[in-house]
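Listed below are the residues making up each chain.
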Amino acid sequence: MADTLRFLHHPASQPCRAARQFLVENDIPYQEEVVDITTDINETQAFRDQYNPTGQVPILVDGSFVVWENVAIARYLNEKFECPSHWFGATLEERARINQFLQWYAYTLRLGGGAFHWTIFAPMIYGADKDFSAERRKGYHVLYESMGVLENYWLAESDYLCGDVVTYADLVGFHELVSHDAGGIIPDRVWGKHPRIRAWFQRVAGRPASTEVSAWQYETVKKVLAGELTVEFKRRTAVLKGTEAYGGHNRGIPHLDEDDDYLAEVEG
Ligand SMILES: N[C@@H](CCC(=O)N[C@@H](CS)C(=O)NCC(=O)O)C(=O)O
């Protein structure tokens, strides 16, 4: 009998939710194992040696085979279970477009997660008395740049990011925005300037699997924002490595001490 797939994840993690939604959407049986990233368990050498040298989730374990990185996990599942071709493209051009999005997102939209991380998690990790405005500013910079590209390129002519059907690109893009939405990270004025993103976000949110996979994030962050829940972090390191990136591809990157009117321009 084949081993049951083990999926190591945390529901607060955007890449974990995307890969998990792929499992749910495709009715793939799996055993769920939540890795408590509020501790440093995933940073131990034993964890790194056994699963992933970066210490990050999501991780898929299929018997003796281990694969990490959400896109690699979804592609592995897609091939292994011969999932419907819309997820990763039926034609050469569809596949190229999806690949293009998944490369682009990893260096831009994904790093915009810093706007969420440094607003919601950082005070619980490092202490609410500290000033995270510089880190937040970096996160917002790359988030807003990415939203501009989503609005004016990826969603310019289609209902979904890579055409007129849902693909894995939509799942990763959606879950980045779920964190921002749950955390109230994107001001209403900025949502209002991105009507295509808003319509697309609602379209993907309407999928039953989206609700199932996002519920924990919305419920937990709502309690945190209402002051009803403080998550006890036993670690003193960021849970989103790489969030120090600043700027995407379209804007010059001013020194942190210099005036940057880009945020004011988007929010104004
Ligand atoms: N490039 C990875 C990123 C995964 C990632 O950022 N995981 C975070 C949670 S969102 C994590 O495991 N954080 C724990 C840590 O960094 O110690 C992917 O796309 O799968």
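Keep in mind the model is a prediction, meaning the values are calculated, not measured. (Residues numbered from 1 in each chain as written. Predicted model: local features only at pLDDT ≥ 70, side-chain atom pairs only at ≥ 80, totals over all residues.)

**Some remarks on the pairing of strand E2 (residues 31-34)**
Put simply, the rule is: For two strands to pair, DSSP has to find at least two bridges joining them. Secondary structure counts use DSSP, requiring at least four H or I residues in a row for a helix and at least two E residues in a row for a strand, with both numbered from the N terminus.
Relative to E2, strand E1 (residues 6-9) runs parallel, the two being bridged by four bridges. Residue leucine 8 lies in a different strand from E2, and its bridge partner there is glutamate 33.

**Some remarks on the environment of alanine 238**
Worth spelling out the cut-off: Two residues form a contact once the distance between their C-beta atoms, set from the backbone, is within 7 Å.
One can find alanine 238 in the loop between helix H10 (208-225) and helix H11 (262-267). For the pair alanine 238 and glycine 114, spaced 124 residues apart in the sequence, the C-alpha separation amounts to 10.0 Å. Not counting residues up to four positions away in its chain, the partners in contact with alanine 238 are His117 and Thr243.

**A closer look at the domain arrangement of the chain**
How big an interface is tends to be stated in terms of the accessible area lost upon association of its parts. The condition that has to hold: Each domain's extent is set by a domain assignment, obtained either automatically or from a database. Ten residue types, Ala, Val, Leu, Ile, Met, Phe, Trp, Tyr, Cys and Pro, are classed as nonpolar, four, Asp, Glu, Lys and Arg, as charged, and the remainder, Gly among them, as polar.
Under the domain assignment, the chain is made up of domain 1 (6-80) and domain 2 (92-267). The interface of domain 1 with domain 2 comprises 18 residues on the first partner and 23 residues on the second. The dominant element in the side of domain 1 that touches domain 2, judged by the number of residues it contributes, is helix H1 (residues 14-25), at eight residues. Among the residues making up the side of domain 1 that touches domain 2, the classes are represented as eight nonpolar, five polar and five charged.

**Observations regarding the packing of helix H7 (residues 168-182) against H10**
Counted only if it meets this: Note on method: axes are straight lines fitted to C-alpha atoms, helices fitted across the in-contact stretch only, with angles between N-to-C directions ranging 0 to 180 degrees. Note that the term roughly parallel is reserved for angles under 35 degrees, roughly antiparallel for angles over 145, roughly perpendicular for angles of 65 to 115, and oblique for everything else. Left-handed describes a crossing in which the near helix is turned anticlockwise from the far one by less than a right angle; the clockwise case is right-handed.
The geometry of H7 relative to H10 is characterised by a closest axis approach of 9 Å and an angle of 30 degrees between their N-to-C directions. As the angle between them shows, H7 and H10 are arranged roughly parallel. At the point where H7 passes H10, the crossing takes the right-handed sense. Across the interface between the two elements, Phe174, Val178, Ser179 and Ala182 from H7 touch Ser210, Ser214, Gln217, Tyr218 and Val221 from H10. Classifying every residue of the contact of H7 with H10 by side-chain character gives five nonpolar, four polar and no charged.

**What about unusual backbone geometry?**
To keep things clear, this is the line we draw: Here exposure depends only on C-beta density: within 10 Å of a residue's C-beta, 20 or more other C-beta atoms make it buried, 12 or fewer make it exposed, and intermediate numbers make it partly exposed, the C-beta atoms being placed from the backbone.
Looking along the chain, the bond that leaves valine 57 and enters proline 58 is cis, with omega of 10 degrees. Turning to its location among the elements, proline 58 is positioned in the loop between helix H2 (45-50) and strand E3 (59-62). For glutamate 69, which is not glycine, the phi dihedral falls at a positive 85 degrees. As for its placement among the helices and strands, glutamate 69 is situated in the loop between strand E4 (65-68) and helix H3 (70-80). A positive phi angle, near 45 degrees, is found at glutamate 82, a position not held by glycine. As for its placement among the helices and strands, glutamate 82 is situated in the loop between H3 and helix H4 (92-107). Residue classification places glutamate 82 among the exposed residues on the basis of 8 C-beta atoms within 10 Å.

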